[in-house]
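Understanding the architecture of this molecule
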Amino acid sequence: MMKNILLYIMAFSSLLVACDSESDLKPSGAERNWLVVEDSDVPVDHERYLIFKETGIPIYYNDTIGSEERYSLSAREWYTYYEKLQVFYNPGGATPSWTTSNYQVVANPEDVLPVLEFLKAEVLNAIPKDMYIASILLVDTLNSTSGTLAHKGFNTVVLSEVKDFAAMTDGEKKVYRGAALRCLVAGSLVATEGDWLEENFYELSYATNPNNIDYIYSTASRSTMVYRAAQGYPLEEQRLATLGFIGTKTKPTGTDERMWYVPEKQQDVSQFCEAVFAYTEAEFIALHGNAPVVMEKFYVLRDKIKEYGFTFE
């Protein structure tokens, strides 16, 4: 008992000495809200501030968004803490390797202003008022499981192609808009609407070949070619559109569509979400109007997205 008391007194005394020797100790800042944009005389940063003031959404072009001096009690010294956006961190899951999931931060800040103007005019005003967006990170290049244009991270939505944005065509900007908005809903649909998707969305593709349901979609461990998923159809009908798909699992390496890989379920949802946001109804009809199953899936998913507060012309 006496030994425990002595140990307690020694530990408490050490703490007092540490406090006396560092009379200017400051709070750690662990609870600081880093997702704030301050005003600046720099044009691009001033525009970021105006957008933040109007929408509450902080937009960055560097993944390190702040720093401060902190004191380590264990090391008894000051150090610089850097706050970084968590792009690929996945709570409860494995963080992907940098070789497969990576990005390059913006090299030239002057490239950012056209992207900010586009986001303000075409993307931010489409987001429902009650939808929370932690932040947006603009980068030059992106490789991720969500593609190369946009990816939803732990506390940020990553948008790529900043260095090439000014040279984009109107059509490419439509796809860019679709990818940005797709990030906000596709993951939630897959995570929370699994039963609904099975019964109302995936089922439309299952119905194209009900005797071959196990091969309609690729899986993480198996890539199914179009001809295998469309088994039983004449050769000329063994196409993605026949099965109700608008995208593939991986980028096609040849011109024979029968040898392309059909998407995984989550990819299918993501691809249609992107199309719903990228194209008007008339534009989508012009692209896929001769594919009845594709059109049906488009309307079904668009109606579901409306429940999240989005509106369409």
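Above this text is the structure in question.
Treat the numbers as computed from the prediction; the structure is a model and nothing was measured. (Residues numbered from 1 in each chain as written. Predicted model: local features only at pLDDT ≥ 70, side-chain atom pairs only at ≥ 80, totals over all residues. Heavy atoms only, no water.)

1. Describing the overall build of the protein
To keep it simple, the criterion reads: Elements are defined by DSSP. Helices are runs of H or I of four residues or more, strands are runs of E of two residues or more, and each kind is numbered from the N terminus. Burial status follows relative accessibility: with a 1.4 Å probe on protein chains alone, a residue under 20% of its type maximum counts as buried, one over 50% as exposed, and anything between as partly exposed. In this description, contact between two residues means that some pair of their heavy atoms is separated by no more than 4.5 Å. For the accessible areas, the method is Shrake-Rupley and the probe is 1.4 Å, while residue cover comes only from the protein chains on display.
Counting its regular elements, the protein contains nine helices and seven strands. The proportion of buried residues among the 313 residues of the protein is 41%. Restricting the contact set of the protein to residue pairs at least 6 apart, pairs at least 24 apart contribute 59%. Roughly 17600 Å² of accessible area belongs to the protein as shown, and the carbon and sulfur atoms make up 52% of that amount.

2. So, the environment of Leu142
Within the element layout of this structure, Leu142 appears in strand 5 (residues 136-143). A C-alpha to C-alpha distance of 7.7 Å links Leu142 and Ser101, two positions 41 residues apart in sequence. Filtering out sequence-adjacent residues up to four positions away, Leu142 remains in contact with Phe88, Asn102, Tyr103, Gly147, Thr148, Leu149, Ala150, His151, Val158 and Ser160.

3. Notes on empty space enclosed by the protein
Quick reminder of the rule: Definitions used throughout: a 1 Å grid over protein atoms alone; a cavity as a set of points that fits a 1.4 Å probe which cannot get out; a pocket as an open set with protein on both sides within 12 Å along at least five of seven lines; a lining residue as one with an atom within 4 Å of a point. Grid points are joined across faces, edges and corners, and a volume is the space filled by probe spheres set on the points.
Counted by the stated rule, this structure contains one cavity of 30 Å³ or more. Here the largest cavity is characterised by a volume of approximately 60 Å³. Surrounding the largest cavity, Val123, Ile127, Ile133, Ile136, Val157, Leu159, Ala180, Leu181 and Leu184 form its lining. Contributing elements (two or more residues each) for the lining of the largest cavity: strand 7 (157-159) and helix 4 (170-192).

4. Here we look at the layout of surface pockets
Test applied: Residues are grouped as follows: Ala, Val, Leu, Ile, Met, Phe, Trp, Tyr, Cys and Pro are nonpolar; Asp, Glu, Lys and Arg are charged; every other residue, Gly included, is polar.
Estimated volume of the second largest pocket: approximately 540 Å³. Glu122, Arg177, Phe277, Ala278 and Glu313 are, among the 25 residues lining the second largest pocket, the residues nearest its centre. Element by element, the count of residues in the lining of the second largest pocket is highest for helix 4, at five residues. Of the residues belonging to the lining of the second largest pocket, the class tally is twelve nonpolar, four polar and nine charged.

5. Some remarks on the side chain of Thr248
Topologically, Thr248 is positioned in the loop between helix 6 (226-229) and helix 7 (265-278). Under the relative-accessibility criterion, Thr248 is labelled buried at 14%. Not counting residues within four places of it along the chain, the set of residues in contact with Thr248 comprises Leu240, Trp260, Tyr261, Pro263, Gln267 and Gln271.

6. A short note on the packing of aromatic side chains
What counts here: Here is the rule: rings of Phe, Tyr and Trp (six-membered ring for Trp) pair when centre to centre is within 6.5 Å. Planes less than 30 degrees apart are stacked, more than 60 are edge-to-face, and the remainder are tilted. Think of it as a cone above the ring: NZ of Lys or CZ of Arg counts as a charge over the ring if it is within 6 Å of the ring centre and within 35 degrees of the ring normal.
The final tally for this structure, using the stated rule, is 16 aromatic pairs. Between the aromatic rings of Phe284 and Phe298, the centroid separation amounts to 4.0 Å while the plane-to-plane angle is 10°, which identifies the pairing as stacked. Of this pair, Phe284 sits in helix 8 (residues 281-288) while Phe298 sits in helix 9 (residues 292-306); the two residues are 14 residues apart in sequence, bridging distant segments of the chain. Pair check on accessibility: Phe284 and Phe298 agree, each one buried. Taking the centre distance of 5.5 Å and the plane angle of 75° together, the rings of Phe298 and Tyr299 count as edge-to-face. Overall, Phe298 belongs to the buried group, its relative accessible area being 0%. Taken together through their ring pairs, the aromatic side chains of Phe201, Tyr202, Tyr206, Tyr217, Phe245 and Phe272 make up a single cluster. Above the plane of the ring of Tyr81 lies Arg70, whose end atom (NZ or CZ) is 3.7 Å from the centre. Sitting over the ring of Tyr215, Arg228 keeps its end group 3.7 Å from the ring centre.

7. With respect to the nonpolar core
General note: in soluble globular proteins, nonpolar side chains tend to be found buried as a group. The condition is simple: Among buried residues, those of type Ala, Val, Leu, Ile, Met, Phe, Trp, Tyr and Cys that are joined through side-chain atoms within 4.5 Å constitute a nonpolar core.
Formed by 63 residues in total, the largest nonpolar core has its most connected members in Leu119, Leu138, Leu159, Leu301 and Ile305. Of the residues forming this core, the biggest block, nine residues, is contributed by helix 4. Setting aside chain neighbours within four positions, we find Leu301 in contact with Leu189, Trp196, Leu197, Phe201, Val269, Phe272 and Cys273.

8. Things to note about the pairing of strand 5
Definition in use: For two strands to pair, DSSP has to find at least two bridges joining them.
Among the eight residues of strand 5, six are classified as buried, and the element is accordingly described as predominantly covered. In this structure, strand 1 (residues 59-60) lies alongside strand 5, joined through two bridges in parallel fashion. If you follow Ile59 over to strand 5, its bridge partner there is Ile136. Summarising the sheet, strand 4 (residues 102-105) and strand 5 pair through four bridges and their orientation is antiparallel. Bridging across to strand 5, Gln104 finds its partner in Thr141.

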